[in-house]
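Examining the three-dimensional arrangement
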Amino acid sequence: MATMEQIAKQLGVSKGTVSKALNGAPDISETLRKTIVETAVALGYTRARRGAVRTLAVFIENMDYARAEDFGADIITGFRQMAEPAGYDVRVIDLSPELERSVRYDEYMLREGLLGALFLGLSLSDPWLRDFRTSRTPAVLYDNLVRQNPTVATLGMDNNEAIGQAVAALQGMGHRKVGYLSSALGSHIYQVRYRSFFNALRDHSLPDDASLAGTSYFSSETLDDHLPRLLEQGVTAILCSSDLLAHTVMIRCQELGLHVPRDISIVGFDDLPFCAHTAPPLSTIRQDRLQIGKSGYYALSSLMNGVPISSLLLHATLVLRGSTGPAPQKA
């Protein structure tokens with residue numbers, strides 16, 4: 001376990017100078033502060049081991065959390081419900097590429113006195129995802145994966161199981177050709193769900209041609225190009241990568257004169273609060289967001305105590321409502 005004395009000795013400065021640099025004192029030059037912080041990280045010094053600060057962070061981007069119905073709100077609540085009774089303060093920090101480019105993850109956490117963090121909404125282009133390959137400060141990544149670092153864990157749903165349940169249910173209703181629509185595969189989780197969909201088709205001996213899926217950054221392309229293409233192929237059910245996309249697809253199908261679910265069945269993913277109130281109510285794969293937050297704390301606490309958790313996957317629940325029904329009978 002590195003100490004301030006070791007840092008000071010390596011750099012030829014006083015322990016007091018090291019302490020000032022690590023605590024952001026204004027009378028330390030930025031160049032020296034940066035050198036001291038980088039050395040502290042390299043030597044494995046953390047405030048977590050010294051017990052000087054008991055604050056955890058939830059970093060969040062690309063995910064709403066301000067309102068009670070927002071996806072991130074319950075995750076943060078669940079995390080706090082576990083962390084705060086255990087004696088930790090929790091800081092919620094809006095993450096941006098600008099922040100990530102300005103400082104490395106370990107350095108930021110050491111500078112801010114943060115012991116570890118849960119990350120929500122990271123995209124594959126986030127600079128800190130590269131840092132996580134070699135970082136030392138415990139981090140739990142929701143719906144993202146970094147391999148071979150014992151201080152970084154993955155948290156999420158078992159997407160193979162969840163999507164497999166949805167495909168099995170649709171097959172049980174008589175659907176023999178199922179399509180998939182997704183936002184662009186610019187995030188780890190959308191790539192996972194895409195692969196899980198085709199795995200599920202193969203597991204249930206259903207047609208698994210790549211043309212049965214459509215992905216795009218733009219909803220207009222999904223609705224104007226991919227959806228008509230799936231319908232022309234005779235798809236009778238569509239699984240979507242999110243509830244928002246599924247609701248949009250359902251509305252467009254109705255605008256095209258299709259009855260949901262008599263002509264086409266639609267399934268979303270997440271079970272956002274509005275799903276029970278669409279017309280018809282939307283079938284979906286439910287993620288228990290409070291449990292995600294609680295599990296995020298569990299994984300982070302384990303990492304902070306030297307337990308090298310790799311992945312923690314929760315079971316999802318298939319919720320069948322009015323947007324799914326028996327496959328249409330051929331004339």
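Residues numbered from 1 in each chain as written. Predicted model: local features only at pLDDT ≥ 70, side-chain atom pairs only at ≥ 80, totals over all residues. Heavy atoms only, no water.

In the nomenclature of an unreviewed UniProt entry, the chain is known as LacI family transcriptional regulator of Candidatus Gemmiger excrementipullorum.

Pairing between strand E6 (residues 178-183) and strand E7 (residues 213-216): 4 bridges, direction parallel. In the strand pairing of E7, Tyr180 is matched with Ala213. (Pairing = 2+ DSSP bridges. Helix = DSSP H or I, 4+ residues; strand = E, 2+ residues; numbered from the N terminus.)

Moving on, we get to the sheet that holds strand E9 (residues 265-270). Spatial ordering of the open sheet is given by E7-E6-E8-E9-E10-E12, a layout of 6 strands whose pairing is mixed. Either end of the sheet is taken by a strand with one partner, and the two such strands are E7 and strand E12 (317-319). If you compare each strand with its neighbour and ignore which way they point, the axes differ by 20 degrees on average. As paired elements, E6 and strand E8 (residues 237-240) share 4 bridges and run parallel to each other. Its bridge partner lying in E8, Val178 is registered against Ala237. Across the sheet, helix H9 (residues 159-172) lies against E6, E8, E9, strand E10 (283-286) and E12, angled at about 165 degrees from E9, the strand it touches most. (Axes fitted to C-alpha atoms, helices over the stretch in contact; angles between N-to-C directions. Contact = heavy atoms within 4.5 Å.)

Taken as a whole and judged by the stated rule, the model has 19 salt bridges. For Glu69, the salt bridge goes to Arg67, with nearest N and O atoms at 3.5 Å. Judged by relative accessible area, Arg67 falls into the partly exposed class, the value being 47%. The partner of Arg80 in a salt bridge is Glu84, with the nearest N and O atoms 3.4 Å apart. Assessed through its relative accessible area of 30%, Arg80 is described here as partly exposed. Salt bridges sharing common partners tie together Arg67, Glu69 and Asp70. (Salt bridge = Lys/Arg side-chain N within 4 Å of Asp/Glu carboxyl O. Buried < 20%, exposed > 50% of the residue type's maximum accessible area, 1.4 Å probe, protein only.)

What follows concerns the nonpolar core. Grouped together as the largest cluster of nonpolar side chains are 65 residues, with contacts concentrated most on Phe79, Leu120, Phe197, Ile238, Val249 and Ile266. Of all hydrophobic cores here, the second largest spans 20 residues; its members include Ala57, Phe132, Ala139 and Val146. (Core = buried A, V, L, I, M, F, W, Y, C linked by side-chain atoms within 4.5 Å.)

Let's shift gears to the packing of helix H3 (residues 30-43) against helix H7 (residues 105-112). In contact at an axis separation of 9 Å, H3 and H7 are set at 105 degrees when each is read in the N-to-C sense. Between H3 and H7, the interaxial angle falls into the category roughly perpendicular. Contacts between H3 and H7 involve Arg33, Val37, Glu38, Ala40 and Val41 on the former and, on the latter, Asp106, Glu107, Leu110 and Arg111. Class assignment of the residues belonging to the contact of H3 with H7 gives a composition of 4 nonpolar, no polar and 5 charged. (Parallel < 35°, antiparallel > 145°, perpendicular 65-115°, else oblique. Nonpolar A, V, L, I, M, F, W, Y, C, P; charged D, E, K, R; others polar.)

Time to look at the packing of aromatic side chains. Here the structure, examined in full by the defined rule, presents 16 aromatic pairs. Seen in terms of ring centroids, Tyr105 and Phe119 are 5.6 Å apart; in terms of plane orientation they differ by 65 degrees. Their pairing is edge-to-face. Highlighted residues: Tyr105 in helix H7 and Phe119 in strand E3 (residues 117-120), separated in sequence by 14 residues. The buried category is assigned to Tyr105, whose relative accessible area is 0%. Aromatic pair Tyr180 and Tyr194: ring centres 6.3 Å apart, planes at 70 degrees, arrangement edge-to-face. Taken together, the residues span a long stretch of sequence, with Tyr180 in strand E6 and Tyr194 in helix H10 (residues 188-203) at a distance of 14 residues. For Tyr180, a relative accessible area of 1% translates into the label buried. The class for Tyr194 is partly exposed, based on a relative accessible area of 23%. Looking at Arg54, its charged tip hangs above the ring of Tyr88, at a distance of 4.2 Å from the centre. Sitting above the plane of the Phe269 ring, Arg193 keeps its charged end 3.7 Å from the centroid. (Phe/Tyr/Trp six-rings, centres within 6.5 Å; stacked < 30°, edge-to-face > 60°. Lys NZ or Arg CZ within 6 Å of the ring centre and 35° of its normal.)

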